[in-house]
Amino acid sequence: MSIVQSPEGFATADQPSVSSERWRARLRRLRPGLVLAWATVAIAVAWATLPWLFTSYSPVDGVPRQRRLPPGALHWFGTDELGRDLYARVVHGAVHTLSGALISVAVGLAVGTLIGLIAGSVERRLDDAIMRVIDVMLAVPALLLSLSIIIILGFGTVNAAIAVGVASIASFARLARSEVVRVRRMDYVEAAFGSGGRFFAVLWRHVLPNSLTAVLALAALQFGHAVLAISTLGFLGYGAPPPTPEWGLLISEGRNYLSTAWWLTVFPGLVVVAVVLAANRIGQSLVRRTL
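Our subject in this report is the structure included herewith.

## A look at the nonpolar core
Counting residues in each nonpolar core, the largest one holds 41 residues, and the members touching the most others are Trp47, Val90, Leu98 and Trp247. Listed by contribution, the elements that provide at least two residues to this core are α2 (32-49), α3 (86-119), α5 (142-153), α6 (157-167), α7 (169-184), α10 (212-235), α11 (247-254) and α12 (263-290). When residues in this core are grouped by element, the largest group, eight residues, is from α3. Leaving out residues up to four positions away in the same chain, leucine 98 has contacts with Ala44, Val45, Ala48, Phe223, Val227, Trp247 and Val275. Counting nine residues, the second-largest nonpolar core is a separate cluster that includes Leu117, Val180, Val183 and Leu203.

Shown next, in the form of structure tokens:
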């Protein structure tokens with residue numbers, strides 16, 4: 001479509017400009033589900049970084065005469081058995097759950113990528129030995145492995161995050177190793193070795209950067225699993241101790257009042273489900289782009 005412009009350089013009123021057409025095309029390509037997922041994660045991150053902008057109630061101090069009030073205008077999520085505002089506890093609890101998930105993904109990404117880089121670069125025997133250890137880790141259920149590590153390290157959000165991260169090392173290592181093997185066969189890597197490049201220098205400058213795309217996409221997908229795993233450990237009592245407003249602990253504390261105060265379990269559970277589904281949706285979109 002031709003664009004007719006006035007002497008001043010602006011498009012005429014009867015024909016849209018090129019920039020407006022481009023913006024309309026981009027808006028048409030947007031997927032509502034993906035936009036909603038990004039919005040959900042953005043709200044959760046805002047809760048974790050700026051909780052005082054979303055609530056003025058204290059997450060640990062309550063009013064005894066306002067115990068177990070149902071959701072209403074003053075208390076959006078109701079109050080708990082000590083008169084504490086549940087919405088405030090959910091908002092302030094985002095920093096514990098999301099920071100724990102971030103730590104666990106960082107541990108799995110860093111250690112798993114290093115193991116995969118080594119396994120895909122060394123000789124065949126050492127590669128086989130490393131991958132057999134990875135296979136054993138993959139054979140053990142992630143929750144059982146996390147619980148075993150927590151028993152060694154002790155309870156707490158950070159220890160739970162490290163345990164979840166260690167349980168995810170095998171997945172990162174296997175993917176990183178396959179990417180390293182694929183990149184090492186490329187012509188530019190062979191040329192780097194042929195021109196006298198040192199082994200570790202070639203790995204650092206050429207192999208590792210070109211192997212991280214799929215691994216980073218897996219890290220985005222693993223973030224949702226980490227949120228769910230840390231919430232599960234908190235529900236079982238292996239995470240942050242009371243009165244820390246951690247999401248899994250909130251669900252655990254409210255299960256004793258399901259018949260009389262259903263909101264104590266339902267609202268924190270819905271928040272966890274929403275964040276996990278949103279993170280998985282974003283991770284899947286990133287994975288599709290790498291294929």
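## Brief notes about a nonpolar patch on the surface
Together, Leu50, Trp52, Leu53 and Phe54 make up a nonpolar patch on the protein surface, roughly 430 Å² of accessible area in all. Relative to the helices and strands, leucine 50 resides in the loop between α2 and α3.

## Quick word on empty space enclosed by the protein
What the rule picks out here adds up to one cavity of 30 Å³ or more. Considering only enclosed or pocket space, the largest cavity measures out at about 60 Å³ in volume. Lining the largest cavity are Asp80, Glu81, Arg84, Leu86, Arg89, Leu250, Glu253, Gly254 and Leu264. At the level of elements, α3 and α11 are the ones that each hand at least two residues to the lining of the largest cavity. Of the residues forming the lining of the largest cavity, the biggest block, three residues, is contributed by α11.

## Re the environment of serine 58
Assignment of secondary structure puts serine 58 in the loop between α2 and α3. The exposure class assigned to serine 58 is partly exposed, which follows from its relative accessible area of 26%. A polar atom in the side chain of serine 58 sits 3.3 Å from the backbone nitrogen of valine 60. In terms of polar contacts, serine 58 uses its side chain to reach the backbone amide nitrogen of aspartate 61, at 3.2 Å.

## Concerning the side chain of threonine 113
With respect to the helices and strands, the residue threonine 113 is situated in helix α3. Take threonine 113: its relative accessible area is 11%, and that puts it in the buried class. Among residues more than four places away in sequence, those in contact with threonine 113 are Gly108, Phe172, Ala176, Leu208, Leu212 and Val215.

What counts and what doesn't
Residues numbered from 1 in each chain as written. Predicted model: local features only at pLDDT ≥ 70, side-chain atom pairs only at ≥ 80, totals over all residues. Heavy atoms only, no water. Core = buried A, V, L, I, M, F, W, Y, C linked by side-chain atoms within 4.5 Å. Buried < 20%, exposed > 50% of the residue type's maximum accessible area, 1.4 Å probe, protein only. Helix = DSSP H or I, 4+ residues; strand = E, 2+ residues; numbered from the N terminus. Contact = heavy atoms within 4.5 Å. Patch = residues over 30% accessible without salt bridge, like charges linked within 9 Å, V, L, I, M, F, W, Y side chains within 5 Å. Areas by Shrake-Rupley, 256 points an atom, 1.4 Å probe, with all protein chains shown as cover. Salt bridge = Lys/Arg side-chain N within 4 Å of Asp/Glu carboxyl O. 1 Å grid on protein atoms, 1.4 Å probe; cavity = no way out; pocket = protein on both sides within 12 Å on 5 of 7 lines; lining within 4 Å. Points joined across faces, edges and corners; volume = space filled by probe spheres on them. Polar contact = N/O pair within 3.5 Å; in protein donor to acceptor, adjacent residues only side chain to side chain.

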